[in-house]
Amino acid sequence: MSGAVIIGAGPGIGQAVARRFAREGLPIGLIARSERTLRAAAEAVAPSGVPVVTSEADSTDQAGLNAALDQAVSAHGVPDVLVYNAAIIQPDAPGELPVRGHMEAWAVNVVGALNAAAHVAPAMAARGHGTILITGGMPEPEPRYVSLSLGKAGVRTLVTLLGQEYGPAGVHVASVTVAGPVAPGTDFDPDDIAEHYWRLHTQPRHRWTREALHAGSPR
């Protein structure tokens, strides 16, 4: 196993996904914007005893993100799974956010995922297998969250495009749509959500799906 790389390894889904894959014995690469976030994520994974590499990078800095991905590949090899979990989550009504704000949100929510996938997917395809998973949301557009609604619609389109490009070579591309606010002990517990990522990664090729919806867990 050459491991899992999580971009956006903060508290919540990022850490939960890292712990879930580490539990299966996969080496873990963690990428986040701050050393503090990376340290907390590495400590969360540590009980599994798997190798961990951490890299600071902003998802909108293409060169920096590529360098962080290259560091993970150098340490553990081309990843079995790449998870993109970075997002700007903010309320904004139609006309409320200036153009620059929309561009910044789009860069994090969509373009960062595109850049990361384009950097790693060719090596996955050459090898003949791999998984790329992107955290989605907003199953229905919400006028109080315009930039996020646009971004998550972009994620769905991006998953389709990447699947068309790399799927025939054995790369499974999918999103996990989270339909509510993430918080431990709720219907949107990050540990419950992380199970979707593992299930998508382990789906046999003839049963690949492009999206898993987490609408809440009965408790």
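Here is a short report on the structure shown in this document. (Residues numbered from 1 in each chain as written. Predicted model: local features only at pLDDT ≥ 70, side-chain atom pairs only at ≥ 80, totals over all residues. Heavy atoms only, no water.)

A word on the layout of surface pockets
One water molecule sets the probe size; rolling that probe over the atoms shows where empty space is left.
Here's step 1: Computed from the structure, the largest pocket encloses a volume of approximately 840 Å³.
Here's step 2: Every residue lining the largest pocket is counted, 37 residues in all, and those nearest its centre are N85, A86, A87, I88 and I89.
Here's step 3: When contributions to the lining of the largest pocket are tallied by element, the ones reaching two or more residues are α1 (13-23), β2 (28-32), β5 (130-137) and α5 (146-166).
Here's step 4: Per-element accounting of the lining of the largest pocket gives the leading share, 3 residues, to β5. (1 Å grid on protein atoms, 1.4 Å probe; cavity = no way out; pocket = protein on both sides within 12 Å on 5 of 7 lines; lining within 4 Å. Points joined across faces, edges and corners; volume = space filled by probe spheres on them. Helix = DSSP H or I, 4+ residues; strand = E, 2+ residues; numbered from the N terminus.)

So, the packing of α1 against helix α2 (residues 35-45)
Here's step 1: Remark: α1 packs on α2, axes separated minimally by 9 Å, with the N-to-C direction vectors making an angle of 35 degrees. Crossing of α1 against α2: the hand is right-handed. On α2, the residues that touch Q15, A18, R19 and A22 of α1 are A40, A41, A44 and V45.
Here's step 2: Looking at the contact of α1 with α2, its residues break down into 6 nonpolar, 1 polar and 1 charged. (Axes fitted to C-alpha atoms, helices over the stretch in contact; angles between N-to-C directions. Left-handed = near helix turned anticlockwise from the far one by under 90°. Contact = heavy atoms within 4.5 Å. Nonpolar A, V, L, I, M, F, W, Y, C, P; charged D, E, K, R; others polar.)

Details of α2
Here's step 1: When we look at burial in α2, the residues that qualify are L38, A41 and V45. Each buried residue of α2 sits inside an arc of 65 degrees when the element is viewed along its axis, so together they form one side. Exposed residues pointing more than 90 degrees away from the buried face of α2 are listed as R36 and E43.
Here's step 2: Structurally, α2 contributes buried residues whose contacts are with α1, β2 and β3 (52-56). (Buried < 20%, exposed > 50% of the residue type's maximum accessible area, 1.4 Å probe, protein only. Arc of directions from axis to C-beta.)

Regarding the packing of aromatic side chains
Here's step 1: With the rule as written, the count across this model stands at 1 aromatic pair.
Here's step 2: Aromatic pair F21 and W198: ring centres 5.2 Å apart, planes at 70 degrees, arrangement edge-to-face. Taken as a pair, F21 in helix α1 and W198 in helix α6 (residues 190-202) lie far apart in primary sequence, 177 residues in all. This pair shows no difference in class: F21 is buried, exactly as W198 is. (Phe/Tyr/Trp six-rings, centres within 6.5 Å; stacked < 30°, edge-to-face > 60°.)

Let's talk about the sheet that holds β5
Here's step 1: Here we have 7 strands laid out as an open sheet, ordered β3-β2-β1-β4-β5-β6-β7, and parallel in their pairing. Both outer strands of the open sheet, β3 and β7 (211-214), are each paired with one neighbouring strand and no more. Direction aside, the axes of adjacent strands within the sheet are offset by 15 degrees on average.
Here's step 2: As paired elements, strand β1 (residues 4-7) and β2 share 4 bridges and run parallel to each other. Paired with I6 across the strands is L30, a residue of β2. (Pairing = 2+ DSSP bridges.)

Some remarks on the environment of G216
Here's step 1: Looking at the element boundaries, G216 is found in the segment after β7.
Here's step 2: For G216, a relative accessible area of 32% gives the class partly exposed.
Here's step 3: Along the primary structure G216 and F188 are separated by 28 residues, whereas in three dimensions their C-alpha atoms are 5.5 Å apart.
Here's step 4: Not counting residues up to four positions away in its chain, the partners in contact with G216 are D187 and F188.

Read these as spatial facts, not as claims about activity.
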